[in-house]
Amino acid sequence: MNTRCLLLSFLFLASAPWVGLSQVSFTKITEVAIVNDWGNFTGHAWGDYDGDGWLDLFVSNYEDTMNVLYRNDGAGTFTKITGGNPVADSGYHAGAAWGDFDNDGLLDLIVAAPGLGSPEVGSSSLYRQTSKATFSLMDGNVLTNETGRFIAPAWVDYDNDGWLDLFLTNPSRKNRLYHNNADGTFVKVTSGQIVEDLGRSVAAAWADYDNDGYPDLFVANDSIGNPCFLYHNERNGTFTRVTTGPVATDRSISITAAWGDFDNNGFLDLFVTGDTNPKNRLYRNNGDGSFTKITSGPELDNPVGTAAEGAVWGDYDNDGHLDLFISYYGGQNALFHNTGDGTFEQVQSGSVVDETAGPNFTCSWADYDNDGFLDLFVARLADLPEPNLLYHNDRNNHHWLEVRCIGTVSNRSAIGAKVRAKSVIGGVPVWQLREINGGDGGASAASLVAHFGLAETTRVETLRIEWPSGAVQEFQNVSADQSLTMVEPPRLQALGRSPGGFRIELVGAVGFSYSVETSEDLLAWLPWTTVTNSSRTMTLFDRREGTSTAYYYRAVGRD
């Protein structure tokens, strides 16, 4: 009897920008459209929607005005898109997030609406990118037909079926979870605590906090009387609300949240913002499903009369430790440098913290010029129109690595993938963790790029990618100071014999080409067939009659 076995391979693409200079400072950008347009800006999202390798920026506008989309020109400048979707409709817009919900290789966009301040309830907008840089407004589906006061959208593949689902916060009403039907439509999830709990929910952040391979959810409630919600993914399509521990029991006003492994122990920690009283909260992940509340540190205290509307983790000085930026409505913004010993020091000078107090709202880090150093964007929301803020990172001499992931068996955006990098920093082996997410806690979404600071190290000893599908890839001795594009390996599955021959199922990305090879001894491999996936799943037939007792198959991605 012949035995058929399956192996798989992967695709590895790279480009290498230059790294430079000495100590870190930021330059406030004053000459591009991003900071010269005036509006009532709320949420925003970075994403390379046109696939040219440069991060573009979408910013939501409020007060019955139009959204704005800026295409990155690749030279430190941006072009404002002035017509068509997603900037053609006026209204009250809140959070935004990019994600390829139909797995066609083109980023789509969700814009939550209308938020809390609109005169009446409204519905969110889903823009499907039908061809490069062309968007179609998706009408007539359950996601866009429902009305509420939606604020924060967050893409996630909560059941790891390879298709992006969506969560929307809906303050003072039931939140929404929509499951992707894998055909361009969604179905509303109607049962379970995750969609039945009531709270003044204003922010949502997905993260696999217990490293079991499935994303869990934190929901921030802007009310003293209500605790925040922490939902554990039970890996069967359902969630259990966590009711013990400080994350689940603290009763404080909560505005936004950000997950990040600030102590490099391999587990994601949680930062939650508040207003002047109560304080912000930082919860250290103990690695056993529980958290310890940090009770002291400058990052916990808010200036009097302010509200910490935004918070984002990022290693701005590339020293291998995540730093923290907080945007304050009614105050000056704050930057906290991670000292590497579990504590933070507040940065007292520089353009990002010297800005005059103002209506600072959402914030995000993004390397918009591809130089390996994180730049900073702050959206501003006020009664009267205000311009946004953009700061360019002037770099230092530290090294870095950036990783862009493309899912094939997993969702195309690779949301939920964990990227880990091991390197020697300060003479000590350090594992860093970044998880690709589709919504950064509040009304903003960071880029779908994993950024690592490497300090003086010129190589990563081990780069490890843990895909939502369960596939794991490891690469050794990866050179620093480059941007990598990593493509998830395809999946081969034996379906058995049929009248048409031996059947093999290949799961990969639409439009990707694969060479399928065979071997009888795992040593000598011969080409068998080449296939370009017209859908994610292709069935292949091997009609050959061989004499060997075992046949092995592997799929290799083609350039």
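Being a predicted model, the structure only gives us computed values, none of them experimental.

1. A look at the overall build of the protein chain
Line of reasoning, step 1. Within the protein chain, the regular secondary structure consists of 5 helices and 50 strands.
Line of reasoning, step 2. Taking 559 residues into account, the globule formula puts the C-alpha radius of gyration at 24 Å, and the protein chain, at 23 Å, falls close to it.
Line of reasoning, step 3. For the protein chain, the C-alpha atoms occupy an extent of roughly 80 × 55 × 50 Å along the three principal directions.
Line of reasoning, step 4. Across the 559 residues that make up the protein chain, the buried fraction comes to 60%.
Line of reasoning, step 5. For the protein chain, long-range pairs separated by at least 24 residues make up 57% of all intrachain contacts whose partners lie at least 6 apart in sequence.
Line of reasoning, step 6. Charged side chains of the protein chain number 37 positive and 70 negative; the gap between the two group centres comes to 6 Å.

2. Brief notes about the sheet that holds strand S49 (residues 537–542)
Line of reasoning, step 1. Across the sheet, which stays open at both edges, the 3 strands sit in the order S45-S46-S49 with antiparallel pairing between neighbours. The strands lining the two open edges of the sheet, one partner per strand, are strand S45 (491–498) and S49. Neighbouring strand axes in the sheet, compared pairwise and without regard to direction, differ in orientation by 25° on average.
Line of reasoning, step 2. With 6 bridges joining them, strand S46 (residues 501–507) and S49 adopt antiparallel strand pairing. Following the sheet pairing, leucine 506 is matched in S49 by methionine 538.

3. Details of the environment of isoleucine 81
Line of reasoning, step 1. On the secondary structure map, isoleucine 81 appears in strand S9 (residues 78–81).
Line of reasoning, step 2. It is 7.1 Å that separates the C-alpha atoms of isoleucine 81 and valine 68, two residues lying 13 residues apart in sequence.
Line of reasoning, step 3. Dropping the residues within four chain positions of it, isoleucine 81 is found in contact with Tyr49, Leu69, Arg71 and Val87.

4. Details of the pattern of salt bridges
Line of reasoning, step 1. Counted under the stated rule, the structure contains 18 salt bridges.
Line of reasoning, step 2. The residue glutamate 146 makes a salt bridge to lysine 188 at a minimum N-O spacing of 2.6 Å. Separated by 42 residues along the polypeptide, glutamate 146 in the loop between helix H2 (142–145) and strand S15 (153–156) and lysine 188 in strand S19 (residues 186–188) bring together distant segments of the chain.
Line of reasoning, step 3. For glutamate 146, a relative accessible area of 14% translates into the label buried.
Line of reasoning, step 4. Between arginine 554 and glutamate 517 there is a salt bridge, with its nearest N and O atoms 2.6 Å apart.

5. Overview of unusual backbone geometry
Line of reasoning, step 1. Of the consecutive residues asparagine 85 and proline 86, the connecting peptide bond is found in the cis state with omega at 5°.
Line of reasoning, step 2. Mapped onto the elements, proline 86 comes out in the loop between S9 and strand S10 (90–91).
Line of reasoning, step 3. Note the cis peptide between alanine 113 and proline 114, where omega equals 0°.
Line of reasoning, step 4. Inspection of the secondary structure puts proline 114 in the loop between strand S12 (108–111) and strand S13 (125–131).
Line of reasoning, step 5. Of note, asparagine 318 is a non-glycine position whose phi angle comes to about 55°, a positive value.
Line of reasoning, step 6. With respect to the helices, strands and loops of the structure, asparagine 318 is situated in the loop between strand S29 (307–314) and strand S30 (323–331).
Line of reasoning, step 7. Even without glycine at this site, leucine 522 takes up a positive phi of about 65°.
Line of reasoning, step 8. Looking at the element boundaries, leucine 522 is found in the loop between strand S47 (513–519) and strand S48 (526–532).
Line of reasoning, step 9. By relative accessible area, leucine 522 is classed as partly exposed at 40%.

6. With respect to the domain arrangement of the protein chain
Line of reasoning, step 1. Structurally, the protein chain comprises domain 1 (26–393), domain 2 (399–487) and domain 3 (491–557).
Line of reasoning, step 2. Put simply, the middle of domain 1 and the middle of domain 3, counted by C-alpha atoms, are 42 Å apart.

7. Remarks on the nonpolar core
A general trend in soluble globular proteins is that nonpolar side chains are found buried together.
Line of reasoning, step 1. Counting 50 residues, the largest nonpolar core has Trp98, Trp155, Val403 and Leu463 as the members making the most contacts within it.
Line of reasoning, step 2. A domain split of this core shows at least three residues from each of domain 1 (26–393) and domain 2 (399–487).
Line of reasoning, step 3. If near-sequence neighbours (up to four positions away) are discounted, leucine 463 is found in contact with Leu401, Val403, Val419, Arg420, Ala421, Gln473, Glu474, Phe475, Val478 and Leu484.

8. Overview of the pairing of S46
Line of reasoning, step 1. For S46, a buried count of 6 out of 7 residues is recorded, marking the element as mostly surrounded by other parts of the structure.
Line of reasoning, step 2. For S45 and S46, the ladder comprises 7 bridges, and the chain directions are antiparallel. Looking at S46, one finds that leucine 492 is bridged to leucine 506.

Parameters at a glance
- Residues numbered from 1 in each chain as written.
- Predicted model: local features only at pLDDT ≥ 70, side-chain atom pairs only at ≥ 80, totals over all residues.
- Heavy atoms only, no water.
- Helix = DSSP H or I, 4+ residues; strand = E, 2+ residues; numbered from the N terminus.
- Rg over C-alpha atoms; globule rule 2.2 N^0.38 Å.
- Buried < 20%, exposed > 50% of the residue type's maximum accessible area, 1.4 Å probe, protein only.
- Contact = heavy atoms within 4.5 Å.
- Lys, Arg positive; Asp, Glu negative; His and termini not counted.
- Charge placed at Lys NZ, Arg CZ, Asp CG, Glu CD.
- Pairing = 2+ DSSP bridges.
- Axes fitted to C-alpha atoms, helices over the stretch in contact; angles between N-to-C directions.
- Salt bridge = Lys/Arg side-chain N within 4 Å of Asp/Glu carboxyl O.
- Domains from an automatic or database assignment.
- Core = buried A, V, L, I, M, F, W, Y, C linked by side-chain atoms within 4.5 Å.

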